[in-house]
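Report on the structure
Residues per chain, in single letters:
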Amino acid sequence: MTNHWVDIRNADVILVMGGNAAEAHPCGFKWVVEAKAHRGARLVVVDPRYTRTASVADYYAPIRTGTDIAFLGGVINYLLTTNQIQHEYVKHYTDFSFIVREDFAFENGLYSGYDAAKRAYDRSTWEYEFDETGYVKADETLSHPRCVYQLMKNHFSRYTPEMVEKICGTPREKFLHVCEILASTAVPNRAGTVLYALGWTHHSIGSQIIRTGAMVQLLLGNIGISGGGVNALRGHSNIQGLTDLGLLSEMLPGYMELPWENEQDYEAYIQHHALKPLRPNQLSYYQNYRAFFVSMMKSWWGDTATKENNWAYDYLPKPDKTYDLIQNVESMSQGKMTGYVCQGFNMIASAPNKAKVFEGLCKLKWLVIMDPLATETSEFWKDFGDYHKADSSKIQTEVFRLPTTCFAEENGSVVSSSRVLQWHWKGAEPPGDALGDAEIMSNLFLRLRERYRSEGGAWSEPILKLNWPYANPASPTPEELAKEYNGSALSDLEDPRSPGKLAVRAGQQLAGFSQLRDDGSTASGCWVFCGAWTEAGNMMARRDNSDPTNIGQSLGWAWAWPDNRRILYNRASCDLNGQPFDPSRAIVKWDGKQWSGADVIDYEKDEAPSLGMGPFIMNPEGVARFFARARMNEGPFPEHYEPFETPLGFNPLHPDHPEVTNNPVARVFARDRKDFGTAAEFPYTATTYRLTEHFHFWTKHARLNAIIQPEQFVEIGDELANELRIVSGDTVRVSSRRGHIIAIALVTKRIQPLRVDGRTVHTVGVPLHWGYKGLAKPGYLANTLTPSVGDANTQTPEFKSFLVKVEKV
Ligand SMILES: Nc1nc2c(c(=O)[nH]1)N[C@H]1C(S)=C(S)[C@@H](COP(=O)(O)OP(=O)(O)OC[C@H]3O[C@@H](n4cnc5c(=O)[nH]c(N)nc54)[C@H](O)[C@@H]3O)O[C@H]1N2
Ligand SMILES: Nc1nc2c(c(=O)[nH]1)N[C@H]1C(S)=C(S)[C@@H](COP(=O)(O)OP(=O)(O)OC[C@H]3O[C@@H](n4cnc5c(=O)[nH]c(N)nc54)[C@H](O)[C@@H]3O)O[C@H]1N2
Ligand SMILES: [Mo]
């Protein structure tokens, strides 16, 4: 989240789109209820289904799955053509006036530089024009035909209300009503927030959907302000912590990036990330990348990481591609993977195209499962009749099950969607032979290291030299790990502002990431967590909920990254002179001498507004980008492409260009392409989702949950049900190109057919919680149906839009 849970109560307009917060985030949703009750906030829901969130909304508009870019692009067009934008904000805090290169182009759904054979772009033309001093050229009058404003206006002019209706199936007047409500926040004294989750991410164009949402919020001046933001309501209780710590194959802790195979040169890697300012007087905070990176390497490899060996840069793996879930399943199914470790991951249930996952698991030599429960994945080799057919005599995979504790059985921290790290204390002793994850991993590591030490082996150095500073090497404590992430001084540190003065003594915990050095004198496992465990102790364990300005900013409650900031880029809540756009919602302010207020400011306290530093300090421009330059794989402005399984078969924006029906840069394996179905055979759109009563695939092991939602059902709109002569309670077979499930039909008015470009699109709803292990009625896995294709930037699977047929059995 750019903002935080409590801050939702400060919004005047709340758009829930691409998520079902009342159901999937029922505790956090209370802040939506507060905003409605105490501010008269208006809640707008845009969802293919009339959800539990929609049932308490002020306004609901339906949308066809996978078409949110068209909808939000339509909102952008509406805001620009009716001139309802926050002018002062957009003018000073975004790239509106920047001039783009002359050879940048967009035609027939493709940007300049497309290579059809590689399904990728040469992105070099997606760039600004620079002057002799290296700064971006700008036209403050916004009239230059290649300034971002003009390019953007032109790009989105195609997203008319008629086009939105044609693509999304949202009736024109409903779409326009949503536009009006959102536009009411374009004024400085009204705030709107956007809450989203998987309805935006689970698409082959998911990242670009989120970008389009962010662009709407920028136009409205809703980012960096209280009651605003683009707020990802995240999933598992600590999934925010997972990305913070870089647990993705291409990431390092703190959103640093792992070097690629072609980045063997350390200096070039650093230069690529430590970007110099692109406009005068800008901070470009990532200029400190070297300090973050070197401190991480010191944390990992201690004394072995030296300036001479580029801080052990050679030890880092430099992959040729991402090793995401879809890639891994592909490698497995081709027999190219030897072993796999599933830690807290029930992949045969949660990954797309179950048949392919099964095939892959069967080709592994070994599979390690670390889980407190017996899962579908840990027993993939057993036969469960119709639900899961397996002949164990033909499966070679050796499966090791290591029972783990659950989070409540150990101390530790959990990072919430608000970026707040909260410490928790062990609530119970682990049962039986269960061990904590850290203990299991440590024991694996120590045994591996011993084998390398005694027997040698290829490239053993990174393992032999790994820093392992724990009191009991076989079981690091959560406290030790937390202190390590924060980091400490390795030698005495001088105060850079007053030379000669000691700031931190060797061995002491660091107070924050501004103390990190690039000369090897500091260590920090994750720079964004620096400040969480200082000399003053465990900041995550703080429980002071006082809120001095009564705006929901409890800076003494636990600790948020970065640097305990609760609202990111909060400088943008003030005008150029540092005065709040909306004094009733002030969070920071310049008082003539310094910055103060209810939140932590991004600047030095005495950085005067007259010096002209922009609010978006992580961008070298100092402002927010509408034009994403070369950051996104599809292009600098979002464009609508159809889901890979489209009910239309063409892209209404480009009906004559089949090459841009779907995302032209999504990675598609040949095997998966063969497994895509067409509307001729599978006429209905399907989407998968969760229910309050279950948590994924684990609560079916708990009797109470199993009782309240006992078995797989699918939701079918009453019109389609009539057509198919299905009534509630009937047993139906839902099939896709990849397989079928049998489920109970639930006929509902909550899913209505949509009129899309002259045809009717029916949506079938598939909740995802059941399987063949646990106490609920045994059944099929919903992911039997889903296609294996991912978003072109993140490889998040397209779980939310695919094609099925439905038959009564
Ligand atoms: N009770 C419970 N709570 C949970 C979980 C759980 O299993 N159970 N899981 C947690 C996890 S890991 C996560 S990631 C979050 C997920 O939180 P959500 O994303 O809110 O959960 P989903 O049920 O997947 O909801 C997605 C919603 O998006 C809608 N949708 C589908 N396609 C589209 C589309 O193309 N456009 C739009 N606008 N909407 C679409 C669906 O109809 C559905 O209402 O929930 C977390 N909370
Ligand atoms: N079709 C479809 N598929 C989806 C989704 C969808 O919306 N539609 N949603 C996707 C999303 S957002 C998510 S997050 C995934 C979820 O996919 P998974 O993460 O695979 O699903 P979970 O059932 O949450 O599995 C987590 C496992 O962790 C175990 N566990 C709990 N605590 C601990 C612990 O402390 N240590 C260890 N080692 N294990 C523990 C649990 O027992 C459980 O078996 O599913 C994805 N798959
Ligand atoms: Mo999730």
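Sequence positions are assigned chain by chain, starting from 1 and proceeding in written order. Numbering of ligands from 1 and lettering of chains from A proceed in the order in which they are written. The predicted nature of this model means local features are confined to residues of pLDDT at least 70 and side-chain atom pairs, given and counted, to a pLDDT of 80 or more, with totals for whole chains, interfaces and linings taken over all residues. In computing side-chain values, all of the structure's heavy atoms are included and hydrogens and water are not.

**Quick word on the overall build of the chain**
For clarity, the cut-off: Runs of E in the DSSP output that reach at least two residues are strands. Runs of H or I that reach at least four are helices, and both are numbered from the N terminus. Using C-alpha atoms as the atom set, the radius of gyration is obtained and then compared with a globule rule of 2.2 Å times the number of residues to the power 0.38. Between two residues, a contact is recorded if the distance between any of their heavy atoms is within 4.5 Å. For accessible areas, the Shrake-Rupley method is used with a probe of radius 1.4 Å. Any residue's cover is judged against the shown protein chains and nothing else. Neither His nor the chain termini are counted; the positive set is Lys and Arg, and the negative set is Asp and Glu. A charged residue contributes its charge at one atom only: NZ of Lys, CZ of Arg, CG of Asp or CD of Glu.
Counting its regular elements, the chain contains 21 helices and 33 strands. By the compact-globule yardstick of 28 Å for 809 residues, the chain fits well, its C-alpha radius of gyration being 27 Å. Each principal axis of the C-alpha distribution contributes one length, and for the chain these read about 85 × 70 × 55 Å. For the chain, the proportion of contacts with a sequence separation of at least 24, taken over those separated by at least 6, is 70%. Taken as a whole, the chain presents about 32,400 Å² of accessible surface, with 53% of it coming from carbon and sulfur. Counting 83 positive and 95 negative side-chain charges, the chain places the averaged centre of each group 3 Å from the other.

**Concerning the sheet that holds strand 26 (residues 684-689)**
Pairing between sheet strands relies on hydrogen bonds along the backbone, with the strands arranged either parallel or antiparallel. Worth spelling out the cut-off: Pairs of strands are assigned from DSSP output, requiring at least two bridges between the strands. Here an axis means a line fitted to C-alpha atoms, over the contact stretch when the element is a helix, while the angle between two N-to-C directions is reported on a 0 to 180 degree scale.
Around the barrel, which closes on itself, the six strands sit in the order 26-32-27-29-28-33 with mixed pairing between neighbours. Adjacent strand axes in the sheet meet at a mean angle of 45 degrees when their direction is disregarded. The pairing of strand 26 with strand 32 (residues 763-767) spans five bridges and is parallel. Bridged to T687 within strand 32 is G765.

**Considering the environment of A232**
The condition that has to hold: The classification of residues rests on relative accessible area computed with a 1.4 Å probe and restricted to protein chains. Under 20% of the type maximum is buried, over 50% is exposed, and intermediate values are partly exposed.
Tracing the sequence through the fold places A232 in strand 9 (residues 230-232). Take A232: its relative accessible area is 17%, and that puts it in the buried class. Placed 425 residues apart in sequence, A232 and H657 show a C-alpha to C-alpha distance of 34 Å.

**Some details on the environment of S788**
For the record, the criterion: Between N or O atoms, a polar contact is any pair within 3.5 Å; within protein, one atom must be a potential hydrogen donor and the other a potential acceptor, and residues adjacent in sequence are included only when both atoms are from side chains.
Inspection of the secondary structure assignment puts S788 in the loop between strand 32 and strand 33 (802-808). In the structure, S788 is positioned 104 residues away from Y684 in sequence and 18 Å away in space, judged by C-alpha atoms. Among all residues touching S788, those that are not within four sequence positions of it are I326, P352, N353, K356 and D672. A polar atom in the side chain of S788 sits 3.2 Å from the side chain of D672.

**Comments concerning the site of ligand 1**
Filter applied, for reference: Only heavy atoms are used to decide nearness, and a residue is near a molecule or strand if one of them lies within 4 Å of it. Here the term charged refers only to Asp, Glu, Lys and Arg, the term nonpolar to Ala, Val, Leu, Ile, Met, Phe, Trp, Tyr, Cys and Pro, and the term polar to all other amino acids, Gly among them.
In the neighbourhood of ligand 1, 32 residues make up the surrounding shell, with A24, D47, G66, D68 and H694 lying closest. For ligand 1, a nitrogen atom lies 3.1 Å from a polar atom in the backbone of L691. Here T692 contributes a backbone N or O atom positioned 3.1 Å from a nitrogen atom of ligand 1. If ligand 1 stood free it would expose 910 Å²; the protein chains cover 95% of that surface. Elements with a contribution of two residues or more to the shell around ligand 1: helix 1 (21-24), helix 8 (198-201) and strand 26. The residue makeup of the shell around ligand 1, split by class, is ten nonpolar, 16 polar and six charged.

**Thoughts on the UniProt feature "domain: Molybdopterin oxidoreductase" (unreviewed entry) in the chain**
Rules: UniProt positions are given in the numbering used here, feature names are shortened, and annotations may be inferred rather than shown by experiment.
What UniProt calls "domain: Molybdopterin oxidoreductase" (unreviewed entry) maps, in this numbering, to residues 2-377. This span, residues 2-377, is 35% helix and 11% strand, and a straight line between its end C-alpha atoms measures 35 Å.

**Observations concerning the site of ligand 2**
Close to ligand 2 lie 28 residues; H236, D371, D437, W698 and N783 are nearest. Interatomic distance of 2.7 Å between a side-chain N/O atom of D437 and a nitrogen atom of ligand 2. Grouping the constituent residues of the shell around ligand 2 by class yields eleven nonpolar, 13 polar and four charged.

**Considerations on the pattern of salt bridges**
What counts, and what does not: Any carboxyl oxygen of Asp or Glu that lies within 4 Å of a side-chain nitrogen of Lys or Arg is treated as forming a salt bridge with it.
Scanning all chains against the criterion turns up 49 salt bridges. Taking the shortest distance from any N to any O, the salt bridge between D495 and K501 comes out at 4.0 Å. One continuous salt-bridge network, built from bridges that share partners, spans E359, K363, R671, K674 and D675.

**Some points on the pairing of strand 8 (residues 192-196)**
The element strand 8 is largely enclosed, with a buried count of five among its five residues. Relative to strand 8, strand 1 (residues 13-17) is paired through four bridges, and the arrangement is parallel. When the bridges of strand 8 are listed, V16 appears paired with L195. Bridge count for strand 8 against strand 9 is three bridges, and the pairing is parallel. Within strand 9, the residue paired with L195 across the bridge is N231.

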